[in-house]
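If you want the building blocks of each chain, they are given just below.
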Amino acid sequence: MVRARSEERREEIVLAALEVIAERGYRGAALATVAERVGLTQQGLLHYFPTKEALLVAVLEERDRWDTGGGSRVSAGGWRLDLLDSLVEYNAMRPGIVQTFSALLGESVTEGHPARAFFTDRYEQVRREMASLLHAEFGDRLPSGLTPEQAAPLLTAVMDGLQYQWLLAPESVDMPAAFRSFLTLLRGPETHP
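Residues numbered from 1 in each chain as written. Predicted model: local features only at pLDDT ≥ 70, side-chain atom pairs only at ≥ 80, totals over all residues. Heavy atoms only, no water.

Undergrad: Mind laying out helix α8 (residues 148-168), listing which residues take part and the relevant values?
TA: Its 21 residues place the ends of α8 30 Å apart at the C-alpha level, agreeing with the 30 Å of an ideal helix rising 1.5 Å per residue. Buried within α8 we find Pro-148, Ala-151, Ala-152, Leu-155, Thr-156, Met-159, Asp-160, Leu-162, Gln-163 and Trp-166. What you see down the axis of α8 is that its buried residues fit within an arc of 165 degrees, all on one side. (Helix = DSSP H or I, 4+ residues; strand = E, 2+ residues; numbered from the N terminus. Expected span 1.5 Å × (residues − 1). Buried < 20%, exposed > 50% of the residue type's maximum accessible area, 1.4 Å probe, protein only. Arc of directions from axis to C-beta.)

Printed below as a string of structure tokens:
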């Protein structure tokens, strides 16, 4: 019972941290603000997350769990291109989460940022998973002639790049439609009998 309550409390803290980071960015997010949102003192929050960096990693891991249903993006869920399309549509319904992720990703490119290792590892894994997905969909070559390993970073860049454009101009960028257009490019020209 105590363990379950502790996990619930940790989840509350992570959700509050996500909100604060979305509002203020990681550097502007104070532990005291997060603690206040969940009715704790800063010292009480440190009982659950000993550092701001530990809380940040928990926020990022929670965001990835939401996207993957708790498992590996490709191997456990058997991702296909049409499921990536569904993920882009899902992201379009949750701008706060996408904004937080994008802000942290942008900040993480600076030397010494506590999320830098997380994002570096995450992108290595995502590129591998995208290459696996493309292998399953197209075999050793896409219709363009690219290998799945060559196309994987491009697929990842389009997904994340569309998020930035959509966040900056949601009325001008239809993220799901733009991603479907990119999938059309990946699949190549239709063959007619």
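Structure shown, so let's carry the discussion forward.
Undergrad: If you had to explain the pattern of salt bridges to someone new, which residues and values would you point to?
TA: The full count for this structure, using the stated rule, is 9 salt bridges. A salt bridge links Glu-23 to Arg-37; its shortest N-O distance comes to 2.6 Å. One end of the pair, Glu-23, is in helix α1 (residues 2-28); the other, Arg-37, is in helix α2 (residues 31-37), and 14 residues separate them in sequence. Looking at Arg-37, the relative accessible area reads 36%, which means it is partly exposed. (Salt bridge = Lys/Arg side-chain N within 4 Å of Asp/Glu carboxyl O.)

Undergrad: Account for the side chain of Thr-156, naming residues and giving values.
TA: Tracing the backbone through its elements, the reader meets Thr-156 in helix α8. Here Thr-156 falls in the buried class, since its relative accessible area comes to 6%. Those residues in contact with Thr-156, other than ones at most four positions away along the chain, are Tyr-123, Val-126, Arg-127 and Met-130. (Contact = heavy atoms within 4.5 Å.)

Undergrad: Explain the packing of aromatic side chains to me, and be specific about the residues and the numbers.
TA: All chains considered together, the criterion is met by 3 aromatic pairs. Here Phe-118 and Phe-119 contribute two aromatic rings whose centre-to-centre distance is 5.4 Å and whose plane-to-plane angle is 85 degrees, an arrangement assigned as edge-to-face. Given a relative accessible area of 16%, Phe-118 falls into the buried group. The exposure class of Phe-119 is buried, given its relative accessible area of 3%. (Phe/Tyr/Trp six-rings, centres within 6.5 Å; stacked < 30°, edge-to-face > 60°.)

Undergrad: Hey, could you go over the nonpolar core for me, with residue numbers and the actual values?
TA: Membership of the largest hydrophobic core comes to 29 residues, with the highest contact counts inside it found for Ile-13, Val-34, Leu-55 and Phe-119. Broken down by secondary-structure element, the contributors of at least two residues to this core are α1, α2, α3 (42-48), α4 (52-68), α6 (95-108) and α7 (116-138). Not counting the four nearest positions on each side in its chain, Ile-13 is found in contact with Val-34, Val-38, Leu-40, Leu-45, Tyr-48, Phe-49 and Leu-55. (Core = buried A, V, L, I, M, F, W, Y, C linked by side-chain atoms within 4.5 Å.)

From the geometry alone we can't say anything about function, so treat these as descriptive.
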